[in-house]
Amino acid sequence: MDVRPNPPLAAGLTILASGFVAGTTLLAKMLGTDTLGPPLHPLQVSQGRFVFALLTFATAALILRPQFTRPAWPVHGVRVLCGWGGVSFMFAAAAFIPLSDATAISFLNPVVGMALAVLFLGETVGRVRISAALIALFGAMVLLRPTPEAFQPAAMLAVGAAICLGTELVVIKRLSGREGAFQILLVNNLIGALISTLAALWFWKVPTPAQWAALAGIGVLMAGAQSCFIQAIRRADTSFVSPFWYATLVFAALYDMAIFGVVPDGISVLGAAIIVAGAGLLAWREARLRPAGAVTPSAASLSGTATTPPASLPLSPPLPPRSRAPDSRR
């Protein structure tokens, strides 16, 4: 069914999705600390995220009865492993460092995806892309506070999340265009529920009633974020909604301040701003290079991640050789 363009609604849906995603990280932090009871292991928290998201999408499938095609199971499997690893690292980081810091560092994933695309997909990188990557990496170094007195070891967990999520972006390119968005979301959460359950068995313990509610909340919020973003990019260009996705940082800081009383310091604000500038430059450049009407894999890029900025994907489909003009600035 065709959907009429509606940029204001698309912007609102993207902001709503970013609030939902930041909410999943907040709940993960509450579960990883003693806020709702004895802390739960990050692997158990990520299991809850996939299991309850699967239940949400399975219920929607029973109601909507969408048509399915044969899934590319190996590609889905690799993608879910990367997404599950990113989610687990992110949830672990959220328990130890400010949510805004963990969220900002995880936004390095488009840079990681760009580097891996060069290595494994043969994509070309020019001055603008390299500059964007260096800007974002510098912002990450600011947030990591690389001095003996200020260094936060737990911040490396967020770096691990960025690496996993960046790898996932490369796999998304292989999967995009082959299957419907709803099918990708359902299959992703199905495989993720299986993998995360096997991993969590070693650390699983009975949650308190409040922790059960928080686990369910993570899954439902992530499913809501995925649905909102897909609806957003049906109503506006991905390049238009991209800047609104960085509202996740604002929501994360507000949630952390309201619940845990954590106020971002000057270094956190500076580092986050630098990373957003680098990722934003990358998104802007890719929007200029993308041919009119091109479809990116962004619609399904939320399916395994915690805070992936979908519109920052540096993996848009290449132009046909004859229509592609050389551009050393890429």
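Residues numbered from 1 in each chain as written. Predicted model: local features only at pLDDT ≥ 70, side-chain atom pairs only at ≥ 80, totals over all residues. Heavy atoms only, no water.

A.B. asks: Kindly report on the overall build of the protein chain, identifying the contributing residues and their values.
C.D. replies: For the protein chain, the count of helices and strands is twelve helices and zero strands. Beginning at the N terminus, the succession of helices and strands in the protein chain can be written as α-α-α-α-α-α-α-α-α-α-α-α. Expressed as a percentage of its 330 residues, the buried residues of the protein chain come to 55%. Summarising the internal contacts of the protein chain: among those between residues at least 6 apart in sequence, 89% fall at separations of at least 24. On the protein chain, roughly 14400 Å² of surface is accessible, and the fraction owed to carbon and sulfur atoms is 71%. (Helix = DSSP H or I, 4+ residues; strand = E, 2+ residues; numbered from the N terminus. Buried < 20%, exposed > 50% of the residue type's maximum accessible area, 1.4 Å probe, protein only. Contact = heavy atoms within 4.5 Å. Areas by Shrake-Rupley, 256 points an atom, 1.4 Å probe, with all protein chains shown as cover.)

A.B. asks: Lay out the pattern of salt bridges in plain terms, naming residues and giving numbers.
C.D. replies: Evaluation of the coordinates by the stated rule reveals two salt bridges. A salt bridge links K29 to D256; its shortest N-O distance comes to 2.9 Å. With K29 in helix α1 (residues 7–32) and D256 in helix α11 (residues 247–260), this residue pair connects regions lying 227 residues apart in the sequence. This pair shows no difference in class: K29 is buried, exactly as D256 is. One salt bridge connects E168 with R79, and the closest N-O pair in it is separated by 2.9 Å. Of the two residues, E168 sits in helix α7 (residues 155–175) while R79 sits in helix α3 (residues 73–94), which places them 89 residues apart along the sequence. Neither E168 nor R79 differs from the other in exposure class; each is buried. (Salt bridge = Lys/Arg side-chain N within 4 Å of Asp/Glu carboxyl O.)

A.B. asks: Let's hear about the confidence of the model for the protein chain: which residues, and what values?
C.D. replies: For the protein chain, mean pLDDT is 80; residues scoring 70 or higher make up 81% of the total. Per-element confidence in the protein chain ranges from a low mean pLDDT of 73 for helix α10 (residues 238–245) to a high of 93 for helix α2 (residues 42–64). With pLDDT under 50 throughout, residues 292–301 is counted as low confidence; its partners more than four residues away or in other chains account for 23 contacts. In the model, residues 310–330 has pLDDT below 50 throughout and makes 63 contacts with residues more than four positions away in sequence or in other chains. (pLDDT = per-residue confidence, 0-100.)

A.B. asks: How would you explain the environment of L40 if you had to name every residue and give the values?
C.D. replies: Along the chain, the position of L40 falls in the loop between α1 and α2. Sequence separation between L40 and M30 is ten residues, and the spatial gap between their C-alpha atoms is 9.3 Å. With sequence-adjacent residues up to four places away left out, L40 is seen in contact with L31, G32, V45, K205, P207, Q211 and L215.

A.B. asks: Can you lay out the packing of aromatic side chains for me, pointing to particular residues and giving the numbers?
C.D. replies: Scanning the model with the defined rule gives four aromatic pairs in all. Ring geometry for F229 versus W245: centroids 5.6 Å apart, planes at 70 degrees, classification edge-to-face. With F229 in helix α9 (residues 209–235) and W245 in helix α10, this residue pair connects regions lying 16 residues apart in the sequence. When its relative accessible area of 1% is taken as the criterion, F229 is described as buried. Arranged with centres 5.9 Å apart and planes meeting at 40 degrees, the rings of F251 and Y255 form a pair that is tilted. (Phe/Tyr/Trp six-rings, centres within 6.5 Å; stacked < 30°, edge-to-face > 60°.)

A.B. asks: Requested: an account of the side chain of D256, with residues and values cited.
C.D. replies: The exposure class of D256 is buried, given its relative accessible area of 1%. Here D256 is in contact with K29, P98, L99, G261 and V262, once residues within four sequence places are set aside.

A.B. asks: Talk me through α11; I want residue IDs and the actual numbers.
C.D. replies: Helix length check: α11 (14 residues) gives 19 Å between terminal C-alpha atoms against 20 Å at 1.5 Å per residue, within 8%. Buried within α11 we find A247, T248, L249, A252, A253 and D256. At the exit of α11 stands G261, carrying a positive phi of roughly 70 degrees. (Expected span 1.5 Å × (residues − 1).)

A.B. asks: So, helix α5 (residues 109–120): which residues are in play, and what are the values?
C.D. replies: End to end, α5 covers 16 Å across twelve residues, agreeing with the expected 16 Å (1.5 Å per residue, within 8%). Among all positions of α5, only N109, P110, V111, V112, G113, M114, L116 and A117 are buried. Two residues or fewer after α5 comes G122, characterised by a positive phi angle close to 70 degrees.

A.B. asks: Break down the state of the cysteines for me, citing the residues and quoting the values.
C.D. replies: By the definition in use, this model includes zero disulfides. C82 takes part in no disulfide bond, and the closest cysteine sulfur, belonging to C164, lies 6.5 Å away. (Disulfide = S-S within 2.5 Å.)

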